[in-house]
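Single-letter residue listing:
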Amino acid sequence: MLPPALAGQMHANTNFIAAHYREPEAIGKHLAGVMHVEISNMQMAGIMSVNDAKTDFASILLTSYFKRIPKSSWPQILKTYEQASGTSLRADLAQLIPDATVREPLVALLPSPIAAATLTLDAFLEFCAVGLSYSNQTAEELNEDTQDERRHSNPAALLRHFGFQAGPLILGRWGFQMRVFNPVAGQARWPHPIAAFRGTEGVQFDPKGDKAAKAAKAKGATVSEVAQARREGVEGTQDTIIGDLAPRAIGYMQYRPNADLIEQNLKAAQKYGKAYSVGHSLGGGIAQIVTAHMPELIHQTVTFQAPAIDSAMVNRLKQYNVGQGKADPIESRHYRVKGDIVPSGGQEMLPGQINYFDRVSRPKGTRESFDNSIVENVVYGHITPSLNTYVKSQRPAVGDLKALAQWGLNDEATLDKQAPKDVKIIPSGEYTTAKDPRMKAEKVRSLLAKGINAQAIEASEDSYEVVFYQHIAYNTLLSHVEILAKKSLGYEQFVASATSLIEGTNRLPMGQKELEMAKVLKIDLIEVDRGAWPSREVKTVQSKLQEYLQQGVLIDPKARDTVLGQLRIIWGSWSGR
């Protein structure tokens, strides 16, 4: 039995829609008023997220309202609603009914928040950014790969369906990695190349990879899997310290030493057109920085679970869009999963649209209710391919969206061998970047950096110094080999000159970009040495950095072997072949 007040309101709403059936603008304004009253009542009662009965009543009321609206009227209604309320209807629904599983039937009555053409494009861009940009495969291997090991997508089928080919892995200094996907003439669904920047997958401080190796062993991993886990621990630590937590814009310390490499590859792709600049996590930060610094080479920017960047960089793009790029301003779209903390870092997103989603799950193959698990989303929320998962949940029967559902990325929780899940993505609001509702947490990022540094200090080290000195030999050697790659006329000449340099040099001068990084990270030129007890005599001694500046960086055997093994990749990174 419905409460009389609720029944009366439902009856009044029915009469209003009947009287204004062909007036979507009037319905949009009326709906804004209804929602305002419901949200105000919740707020005044102080029961925004805890009174299930009140939430259920709101759901019943709005379901009755929405079902009486003609589908053809929804686009104008949503537009009028946002003009009247200042927020989107889906965003207000998420505020009124925080439980995504209760809200889902209501959301299902609305048009998709993303037009089919945009959803198709951005889901494919997500496939490149969240999936393929992390691959270390050669171009040939990636273009022929029928099942990626991690998310069980079919790269070969989906690239072929949309008419794109993966270019070579582009490897730069300080953990930077990207790949360009080029459109095939006469086959590509879109005429623009895609520049996808690799990101990180969570905060790590495991400089030697010991923690990752130990965890892999505990799970019964093979020797090769343990070795791979160790490499990923080392790589993830470098990305975390240099990419995520360095005292500059997130991603800038990977962008800066690789700006020439990025520009060369984007210019090479210009024969196809301006590029989509895309990335996930840290990669999304880099994608925005690249757009801000090289807007003349970029068509659009699309990011997934990405942090913001410095406002000064955003202003660069805003000035470009109203000046030199006025005729074809760069649009940006950003996708986030609620509860993911990474987008809270930084100052400002490139101007455009932000779409939020809730991620819900249940044990695979059961009829249990879907649940928005905070604990589970800490693990999977940041790395979930939100658009690919959303497309799969729609079960499209034909066309491009069917191809994405069939061959696209899977949420990793659905593939868990011990406790697999069914996963759904539910739209929870769209905003302009000017009304970004994210909790800004630059202070949190700073505290996180200090927390990681505290772990290092326990071992009498500084986290920035640990990572800088661990990787300086490799990156110094790589910077000199890159110079040879740019100068060489062919691969054989490059290999000969690079091998001679690598095998015949004990020390090499530190590059200007590495020196800039040392200053930003505040690597000490002079170190303080406190003597042994009881005297504890204080002495100042020359640091490694001072030694390297005076004598050159000592190139260790591991750095030599690593760069020797990467010569083909380095050549391809600069030549595009």
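Q: Residue-level account of the overall build of the protein, with values.
A: What the protein contains, in helices and strands, is 25 helices and 13 strands. Computed over its C-alpha atoms, the radius of gyration of the protein comes to 27 Å, within 12% of the 25 Å expected for a compact globule of 577 residues. Structurally, the protein occupies a C-alpha span of about 85 × 70 × 55 Å along its principal axes. Within the protein, the proportion of its 577 residues that are buried is 53%. In the structure as shown, the protein presents an accessible area of about 26,500 Å², 53% of it carried by carbon and sulfur atoms. Side chains of the protein give 64 positive and 61 negative charges; the mean places of these two sets differ by 3 Å.

Q: Please provide a residue-by-residue account of helix H13 (residues 259–269), values included.
A: Of all the positions in H13, only Ala-259, Leu-261, Ile-262, Asn-265, Leu-266 and Ala-269 are classed as buried. Looking down the long axis of H13, one finds its buried residues gathered within 165° of arc, a one-sided arrangement.

Q: Account for the pairing of strand S5 (residues 275–280), naming residues and giving values.
A: Here S5 lies mainly inside the structure; 6 of its 6 residues are buried. Along S5, one buried face is formed by Ala-275, Ser-277 and Gly-279 and the opposite face, lined by Tyr-276, Val-278 and His-280, is buried too. Note that strand S4 (residues 194–197) and S5 share 4 bridges and pair parallel. Across the sheet, the residue bridging to Ala-195 is Ser-277, located in S5. Relative to strand S6 (residues 298–304), S5 is paired through 6 bridges, and the arrangement is parallel. Bridging across to S6, Val-278 finds its partner in Val-302.

Q: Account for the confidence of the model for the protein, with residues named and values stated.
A: Across the protein, the average pLDDT comes to 89, with 91% of residues at 70 or higher. Contacts of residues 441–445 to residues separated by more than four positions or lying in other chains number 11 contacts, the stretch itself having pLDDT below 50. Every residue in residues 456–460 scores below 50 in pLDDT, and together they form 4 contacts with partners more than four places removed in sequence or on other chains.

Q: Explain the pattern of salt bridges residue by residue, including any values.
A: One pass over the full model with this rule turns up 23 salt bridges. For Glu-412, the salt bridge identified is with Arg-151, shortest N-O distance 3.3 Å. A residue pair is termed long-range when its members are at least 10 positions apart, and Glu-412 in the loop between helix H18 (399–407) and strand S9 (421–432) and Arg-151 in the loop between helix H8 (139–144) and helix H9 (155–162) qualify at 261 residues. We note a salt bridge from Glu-514 to Arg-173, for which the minimum N-O separation is 2.9 Å. A residue pair is termed long-range when its members are at least 10 positions apart, and Glu-514 in helix H22 (residues 512–520) and Arg-173 in the loop between strand S2 (170–171) and strand S3 (177–183) qualify at 341 residues. In this structure Arg-173 comes out as buried when scored by relative accessible area, which is 10%. One salt-bridge network, held together by shared partners, links Arg-359, Glu-376, Asp-411 and Lys-421.

Q: Can you lay out the nonpolar core for me, pointing to particular residues and giving the numbers?
A: Counting residues in each nonpolar core, the largest one holds 74 residues, and the members touching the most others are Phe-468 and Val-481. With 13 residues, helix H20 (residues 463–487) is the largest single contributor of residues to this core. If we ignore the near neighbours within four places in the chain, the residues touching Phe-468 are Trp-174, Met-510, Glu-514, Met-517, Ala-518, Leu-521, Ile-523 and Leu-545. Core analysis: the second largest hydrophobic core is formed by 36 residues, Leu-125, Ile-194, Val-391 and Ala-403 among them.

Q: Residue-level account of the packing of aromatic side chains, with values.
A: Per the stated rule, a full pass over the model turns up 19 aromatic pairs. Between Phe-124 and Phe-162, the ring centres sit 4.8 Å apart and the planes meet at 40°, which makes this aromatic pair tilted. Separated by 38 residues along the polypeptide, Phe-124 in helix H7 (residues 116–131) and Phe-162 in helix H9 bring together distant segments of the chain. Owing to a relative accessible area of 0%, Phe-124 belongs among the buried residues under this scheme. Between Tyr-252 and Tyr-255, the aromatic rings sit 6.0 Å apart at their centres with planes inclined by 40°, giving tilted as the arrangement. Of the two residues, Tyr-252 and Tyr-255 are both situated in helix H12 (residues 252–255); the distance of 3 residues between them amounts to about one turn of the helix.

Q: Describe the packing of helix H4 (residues 74–85) against helix H5 (residues 89–96), naming the residues involved and giving the relevant values.
A: In contact at an axis separation of 9 Å, H4 and H5 are set at 65° when each is read in the N-to-C sense. Looking at the two axes, H4 sits roughly perpendicular to H5. Judged by residue contacts, Trp-74, Leu-78, Tyr-81 and Ser-85 of H4 engage Leu-89, Arg-90 and Asp-92 from H5. Of the residues that constitute the contact of H4 with H5, the class distribution is 4 nonpolar, 1 polar and 2 charged.

Q: Residue-level account of helix H1 (residues 4–19), with values.
A: A rise of 1.5 Å per residue sets the reference length of H1, with its 16 residues, at 22 Å; its end C-alpha atoms lie 23 Å apart and thus fit the reference within 8%. Along H1, the residues that are buried comprise Leu-6, Met-10, Asn-13 and Ile-17. An end-on view of H1 places all buried positions within 65° of arc, on one side of the element. Opposite the packed face of H1, turned more than 90 degrees from it, sit the exposed residues Pro-4, Ala-5, His-11, Ala-18 and Ala-19.

Q: Break down the environment of Thr-146 for me, with residues and values.
A: With respect to the helices and strands, the residue Thr-146 is situated in the loop between H8 and H9. Judged by relative accessible area, which is 55%, Thr-146 ranks as exposed. Sequence-wise, Thr-146 and Ala-156 are 10 residues apart; in three dimensions their C-alpha atoms are separated by 5.5 Å. Residues contacting Thr-146, with those up to four places away along its chain left out, are Ser-153, Asn-154 and Pro-155.

Cut-offs and rules
Residues numbered from 1 in each chain as written. Predicted model: local features only at pLDDT ≥ 70, side-chain atom pairs only at ≥ 80, totals over all residues. Heavy atoms only, no water. Helix = DSSP H or I, 4+ residues; strand = E, 2+ residues; numbered from the N terminus. Rg over C-alpha atoms; globule rule 2.2 N^0.38 Å. Buried < 20%, exposed > 50% of the residue type's maximum accessible area, 1.4 Å probe, protein only. Areas by Shrake-Rupley, 256 points an atom, 1.4 Å probe, with all protein chains shown as cover. Lys, Arg positive; Asp, Glu negative; His and termini not counted. Charge placed at Lys NZ, Arg CZ, Asp CG, Glu CD. Arc of directions from axis to C-beta. Pairing = 2+ DSSP bridges. pLDDT = per-residue confidence, 0-100. Contact = heavy atoms within 4.5 Å. Salt bridge = Lys/Arg side-chain N within 4 Å of Asp/Glu carboxyl O. Core = buried A, V, L, I, M, F, W, Y, C linked by side-chain atoms within 4.5 Å. Phe/Tyr/Trp six-rings, centres within 6.5 Å; stacked < 30°, edge-to-face > 60°. Axes fitted to C-alpha atoms, helices over the stretch in contact; angles between N-to-C directions. Parallel < 35°, antiparallel > 145°, perpendicular 65-115°, else oblique. Nonpolar A, V, L, I, M, F, W, Y, C, P; charged D, E, K, R; others polar. Expected span 1.5 Å × (residues − 1).

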